[in-house]
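# Reading the structure
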Amino acid sequence: MKQPIFAANWKMNHAPADATAFMRAFLAHFGKRQDRGVIFFPPALSFGAVVGALKDRPDIQLGVQNIYWEDKGAFTGENSATIARASGAKYVLVGHSERRHVFGETEEETGKKVAAATRAGLTPIVCVGETLAQREAGETEMVVLRQLRAALSTVSSNDAGNAVIAYEPVWAIGTGKTATPADASTVHQAIGAELRRLLDSGSTAVPILYGGSVNRGNAADLLAAPEVDGLLVGGASLDAEGWASIVLT
Ligand code: PEP
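From a predicted model like this one, the values you see are computed outputs, not experimental measurements.

About the cut-offs
- Residues numbered from 1 in each chain as written.
- Predicted model: local features only at pLDDT ≥ 70, side-chain atom pairs only at ≥ 80, totals over all residues.
- Heavy atoms only, no water.
- Pairing = 2+ DSSP bridges.
- Helix = DSSP H or I, 4+ residues; strand = E, 2+ residues; numbered from the N terminus.
- Axes fitted to C-alpha atoms, helices over the stretch in contact; angles between N-to-C directions.
- Contact = heavy atoms within 4.5 Å.
- Expected span 1.5 Å × (residues − 1).
- Salt bridge = Lys/Arg side-chain N within 4 Å of Asp/Glu carboxyl O.
- Buried < 20%, exposed > 50% of the residue type's maximum accessible area, 1.4 Å probe, protein only.

## Description of the sheet that holds strand β3 (residues 60-64)
Strand order in the closed barrel made by the 8 strands is β1-β2-β3-β4-β5-β6-β7-β8, with parallel pairing throughout. In this sheet, adjacent strand axes meet at a mean angle of 25° when their direction is disregarded. Here helix α1 (residues 16-29) sits on the sheet and contacts β2 (37-41) and β3; the angle it forms with β2, its principal contact strand, is near 170°. Across the sheet, helix α7 (residues 140-152) is in contact with β5 (123-128) and β6 (164-167); its angle to β5 comes to roughly 155°.

Right, dumping it as structure tokens:
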């Protein structure tokens, strides 16, 4: 029986006061339970407000949406994995499609961020996914597995085995288009097979999440698909009641 992970990526939404109000509403719908993991990724400036709102809920985890790969120094505007960890984060998103495609993050940089996260004791959630053009050219598996190998190439197989992977087809993020559960499952199985090869083990405990226009209507079917271990959700995680109903799927 898998214990699904539900990760909420708020992107650049919810200022501190909104984040606090969200948490008040969400916690009213979501009591403590052991059978699922919930992780919030607020914007950096709202992080402290969410830490405060969750002070009595250690069952709910927090992560940051991005880090820089150096541990400290003259990097104006950036936050390090060390600062994130000291602020209460346990997770960090690495290689999100918006970082890759809006901010030009390279595969080499995702590797450096995974290494920095690992050094600081943060769990990286490595996001991989193909564009529509790559999908139509039949390159999905090649692209996704190349991104996966690049991101994990900087850490030992032991540390890679502590990562989380999120398959997020770029064409499905924020578009209202979702991979079918069968399509998602096919890519998840390919990722799982590559992880077993990379980690040199017959099985791995690395959870593989699906993300891309998940909502209340499709969450249960996606979660039921083979090798889908959880969901990474953007838009549909912004409303407290709606997100609670997804988390309670
Ligand atoms: C995301 O930001 O990781 C995401 C999957 O966004 P959305 O759910 O809005 O497609």
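Once the structure has been displayed, the description carries forward.
## Quick word on α1
A rise of 1.5 Å per residue sets the reference length of α1, with its 14 residues, at 20 Å; its end C-alpha atoms lie 20 Å apart and thus fit the reference within 8%. Residues of α1 that are buried make contact with β2, α2 (47-53), β3 and α11 (240-247).

## Here's the deal with the pattern of salt bridges
Counted under the stated rule, the structure contains 12 salt bridges. A salt bridge links D35 to R36; its shortest N-O distance comes to 3.1 Å. Here the salt bridges share partners, and the residues they tie into one network are R33, D35 and R36.

## Here we look at the pairing of β5
Within β5, 5 of the 6 residues are buried, which leaves the element mostly enclosed by the surrounding structure. As paired strands, strand β4 (residues 91-94) and β5 are joined by 4 bridges and run parallel to one another. Directly across from V94, in β5, lies its bridge partner V126. When β5 meets β6, the two strands line up parallel, connected through 4 bridges. The partner of V126 across the bridge, within β6, is I165.

In short, geometric facts, not functional conclusions.
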